[in-house]
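So the chains spell out like this:
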Amino acid sequence: MSDCIFCKIASNEMKAELVYQDERVTAFRDIHPAAPTHILIVPNKHIEAVSRLEVEDEALMGHIFTVARKIAQDEEIEKDGYRLITNTGVNGGQTVFHLHVHLLGGQMMKHPMG
Ligand code: 5GP
Ligand code: ZN
């Protein structure tokens, strides 16, 4: 996807503050942080959203979560807790159409269901 900003960040074509990268995933700080720690974890390959996941992506999605845990340890937010969010589609509030998991922490997060 040549015009996808998260593809460009994952391929190091576009700058971001990377916190983790391997052959399958890239993690970087959100440009507009909503919490003291706000990191996005994305698959290096372009997947538009959860609604486009295939069975063969299951291991990749599991890897995203274990990477999220490792980053939470590195950021020293593991003990106090953190939130993982994946917005999907327009009603889900997704604005960048390359699947990503938000890792939010460093403060008490307001409950999204009120
Ligand atoms: P969504 O609304 O799709 O769940 O989340 C997209 C997130 O990407 C937003 O929190 C937004 O601040 C972040 N974002 C958008 N463009 C960029 C960018 O160019 N660089 C970085 N680091 N984050 C971005
Ligand atoms: Zn992409």
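First things first, this report covers the structure right here in the doc.

So, the sheet that holds strand E2 (residues 25–29)
Here comes step 1: Strand order in the open sheet formed by 5 strands is E1-E2-E3-E5-E4, and the pairing between neighbours is antiparallel. The open sheet terminates on both sides in strands that have one partner only, identified here as strand E1 (18–21) and strand E4 (82–85). The sheet shows a mean angle of 15° between the axes of neighbouring strands, taken without regard to direction.
Here comes step 2: Pairing of E1 with E2 involves 3 bridges; the strand directions are antiparallel. Bridge pairing in E2 places Gln21 opposite Thr26.
Here comes step 3: Contacts from helix H2 (residues 58–74) reach E1, E2, strand E3 (37–43), E4 and strand E5 (101–105) within the one sheet, and its direction differs from that of E3 by about 155°.

Notes on the pairing of E2
Here comes step 1: Most of E2 sits inside the fold, with 4 of its 5 residues counted as buried.
Here comes step 2: The antiparallel pairing of E1 with E2 creates a hairpin that spans 3 residues between the two strands.
Here comes step 3: Sheet analysis places E2 next to E3, joined by 5 bridges and oriented antiparallel. When the sheet's bridge partners are listed, Ala27 is paired in E3 with Ile41.

Things to note about the pattern of salt bridges
Here comes step 1: In this structure the tally under the stated criterion is 7 salt bridges.
Here comes step 2: Close ionic contact of Glu75 with Arg29 constitutes a salt bridge, the shortest N to O distance being 2.8 Å. Of this pair, Glu75 sits in the loop between H2 and E4 while Arg29 sits in strand E2, and the two are 46 residues apart along the sequence.
Here comes step 3: By relative accessible area, Glu75 is classed as partly exposed at 22%.
Here comes step 4: Across the pair Lys45 and Asp57 runs a salt bridge whose closest N-O atoms are separated by 2.7 Å. Here Lys45, found in the loop between E3 and H2, pairs with Asp57, found in the loop between E3 and H2; they are 12 residues apart in sequence, far enough to count as distant.
Here comes step 5: Judged by its relative accessible area of 43%, Lys45 is partly exposed.
Here comes step 6: Taking the relative accessible area as the measure of exposure, Asp57 reaches 4% and is therefore buried.

Description of the site of ligand 1
Here comes step 1: The environment of ligand 1 is made up of 17 residues, and the closest members are Arg29, Asp30, Asn87, Thr95 and His102.
Here comes step 2: The side chain of His100 places a nitrogen or oxygen atom 3.0 Å from an oxygen atom of ligand 1.
Here comes step 3: Out of a free accessible area of 520 Å², ligand 1 has 83% covered by protein chains.
Here comes step 4: Of all the secondary structure elements, the ones that give two or more residues to the shell around ligand 1 are helix H1 (5–10) and E2.
Here comes step 5: Looking at the shell around ligand 1, the element that brings in the most residues is H1, giving 3 residues.
Here comes step 6: Among the residues making up the shell around ligand 1, the classes are represented as 8 nonpolar, 7 polar and 2 charged.

Calculation rules
- Residues numbered from 1 in each chain as written.
- Chains lettered and ligands numbered in written order.
- Predicted model: local features only at pLDDT ≥ 70, side-chain atom pairs only at ≥ 80, totals over all residues.
- Heavy atoms only, no water.
- Pairing = 2+ DSSP bridges.
- Helix = DSSP H or I, 4+ residues; strand = E, 2+ residues; numbered from the N terminus.
- Axes fitted to C-alpha atoms, helices over the stretch in contact; angles between N-to-C directions.
- Contact = heavy atoms within 4.5 Å.
- Buried < 20%, exposed > 50% of the residue type's maximum accessible area, 1.4 Å probe, protein only.
- Salt bridge = Lys/Arg side-chain N within 4 Å of Asp/Glu carboxyl O.
- Near = heavy atom within 4 Å.
- Polar contact = N/O pair within 3.5 Å; in protein donor to acceptor, adjacent residues only side chain to side chain.
- Areas by Shrake-Rupley, 256 points an atom, 1.4 Å probe, with all protein chains shown as cover.
- Nonpolar A, V, L, I, M, F, W, Y, C, P; charged D, E, K, R; others polar.

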